[in-house]
Amino acid sequence: MKKILSVFLCLLMVFSCASALADGLKVGVSMPTKDLQRWNQDGENMKNMLEEAGFEVDLQFASNDVQQQLNQVTNMVNNGCKVVVISAVEGSSLGSALDLAKEKGVIVIAYDRLLMDSDAVSYYATFDNYKVGSVQGNYIKDALKLDEAEGPFTLEITAGDPGDNNAIYFYNGAMDVLKPYIESGKLVVKSGQQEFNDVATPSWKTETAQTRADGILSSYYADGTKLDAWLCSNDSTALGVANALDANYDGDWPIITGQDCDISNMKNLIDGKQAMSVFKDTRTLAAQVVKMIGQALNGEEVEVNDTTTYNNNVITVPSFLCEPVFGNADNWVELLIDSGYYLMGDDGYPVVKQ
Ligand code: BGC
């Protein structure tokens, strides 16, 4: 109840602050794809909150296609948007649209993913991406009792899209915890694949993660070797790994990590097929961005809490980092149902609110 009240109060403050200048102003919101649940929610949250605050909203999804997103953002700028909020398909590929935005005085906000190689980016709002990885790495460390147990334990790793600046933060956050144990031999990566480029998953695709996991399982674990843990940077890749295990692995189910608390993964989590996820409340992120927009348009100081971490190769972008939260089978009801993020389905699994 307290949580619902605080989300409500937070939204109320956001709306009253942003609505002062909102009337008649157009905001473009460009999301990478409709394929993953989280981007639909992010897009809808942004649209609803911005409209409540009195803005006109042009919401577009880019089908994970760089050229499509480039065209969409260019059109937003040409069609009079005063602000564009962008979660990039590929962080470095929107240069010409961003240059145009800068030329026309449009405020550019990087949403969740940093826009790279451009000085046209005004602000960045995201979750603490390194911390997401640390939470995953520490979970594996604690669950396997790496400091106390004798081991060795086996580990495999699946990271995210090399075109997404977040992916390396997730990977580093987790590997900074796990690497010392790999170096000491307590954790053994049997496939030998552990550098970011060897474990990355283009476009974060479930199928790509699954195909790679299929290959690893049949090459290194088909002889009955026990697999103890699979570090997955997010839920879409964790789903691919779980599918591969279902098809190709007979041993005890390993620890699998994830992030986003996607509906399909919550089912796996409740069924014991995914050990944890990281909840990133997209309502909080969207509310923060709406607040940023209001402050920037009002000429007020824009609230940020990190001015050193996110350098995009040209500038260090003033950022607001929201807090990611650990989620597992013990706390998901409180985290996701009691807070009103999902509804409880008749079958005991969560469902998306319509
Ligand atoms: C987001 C993750 C998401 C991934 C795949 C990342 O940029 O931060 O939450 O799982 O993209 O869409």
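Scroll up to find the structure this text is about.
Residues numbered from 1 in each chain as written. Predicted model: local features only at pLDDT ≥ 70, side-chain atom pairs only at ≥ 80, totals over all residues. Heavy atoms only, no water.

Could you clarify how one ought to interpret the sheet that holds strand β8 (residues 229-232) in this entry?
Backbone-to-backbone hydrogen bonds pair the strands of a sheet. The strands run either parallel or antiparallel. Spatially, the 4 strands line up as an open sheet ordered β7-β6-β8-β9, and their pairing is parallel. A single partner strand is all that each edge strand has here, and the edge strands are β7 (187-188) and β9 (255-256). Where strand β6 (residues 153-158) lies against β8, 4 bridges are found, and the strand directions are parallel. Paired with Thr158 across the strands is Cys232, a residue of β8. (Pairing = 2+ DSSP bridges. Helix = DSSP H or I, 4+ residues; strand = E, 2+ residues; numbered from the N terminus.)

Please explain the pairing of strand β4 (residues 107-111) as it appears in this structure.
The two faces of a sheet get side chains in turn, since along a regular strand they alternate between them. Taking burial as the measure, the 5 residues of β4 include 5 buried ones, the bulk of the element. Residue alternation in β4 divides its side chains into two sets, Ile107, Ile109 and Tyr111 and Val108 and Ala110, and both sets are buried. Pairing of strand β3 (residues 83-86) with β4 involves 4 bridges; the strand directions are parallel. Bridge pairing links Val84 to Val108 in β4. As for the winding sense of the linkage, the β-α-β connection from β3 through helix α4 (residues 95-103) to β4 is right-handed. Here β4 runs beside strand β5 (residues 123-127); their pairing, made up of 3 bridges, is parallel. Residue pairing for β5: Ile109 is matched across the bridge by Tyr123. (Buried < 20%, exposed > 50% of the residue type's maximum accessible area, 1.4 Å probe, protein only. Right-handed = clockwise from strand over helix to strand, strands pointing away.)

Would you take a moment to explain the site of the ligand for this structure?
In the neighbourhood of the ligand, 13 residues make up the surrounding shell, with Arg38, Asp112, Arg113, Asp164 and Asp260 lying closest. In this structure, an oxygen atom belonging to the ligand sits 2.7 Å away from a side-chain N or O atom of Arg38. Here an oxygen atom of the ligand and a side-chain polar atom of Trp39 are 2.9 Å apart. Burial of the ligand by the protein amounts to 99% of the accessible area it has alone, namely 310 Å². Cavity membership is defined here by more than half of the atoms lying within 2 Å of grid points; on that basis the ligand lies in the largest cavity. Where the shell around the ligand is concerned, the elements lending two or more residues are α2 (37-52) and α6 (165-184). (Near = heavy atom within 4 Å. Polar contact = N/O pair within 3.5 Å; in protein donor to acceptor, adjacent residues only side chain to side chain. Areas by Shrake-Rupley, 256 points an atom, 1.4 Å probe, with all protein chains shown as cover. 1 Å grid on protein atoms, 1.4 Å probe; cavity = no way out; pocket = protein on both sides within 12 Å on 5 of 7 lines; lining within 4 Å. Sits in = over half its atoms within 2 Å of the grid points.)

What is the right way to read empty space enclosed by the protein from this model?
Rolling a probe over the atoms, with the probe sized like a water molecule, indicates the empty space that remains. In the structure shown here, the tally under the stated rule is 1 cavity of 30 Å³ or more. Approximately 110 Å³ is the volume found for the largest cavity. Lining the largest cavity are 13 residues, with Trp39, Arg113, Trp204, Asn234 and Asp260 sitting closest to its centre. Of all the secondary structure elements, the ones that give two or more residues to the lining of the largest cavity are α2 and α6. Residue composition of the lining of the largest cavity, grouped by class: 4 nonpolar, 3 polar and 6 charged. (Points joined across faces, edges and corners; volume = space filled by probe spheres on them. Nonpolar A, V, L, I, M, F, W, Y, C, P; charged D, E, K, R; others polar.)

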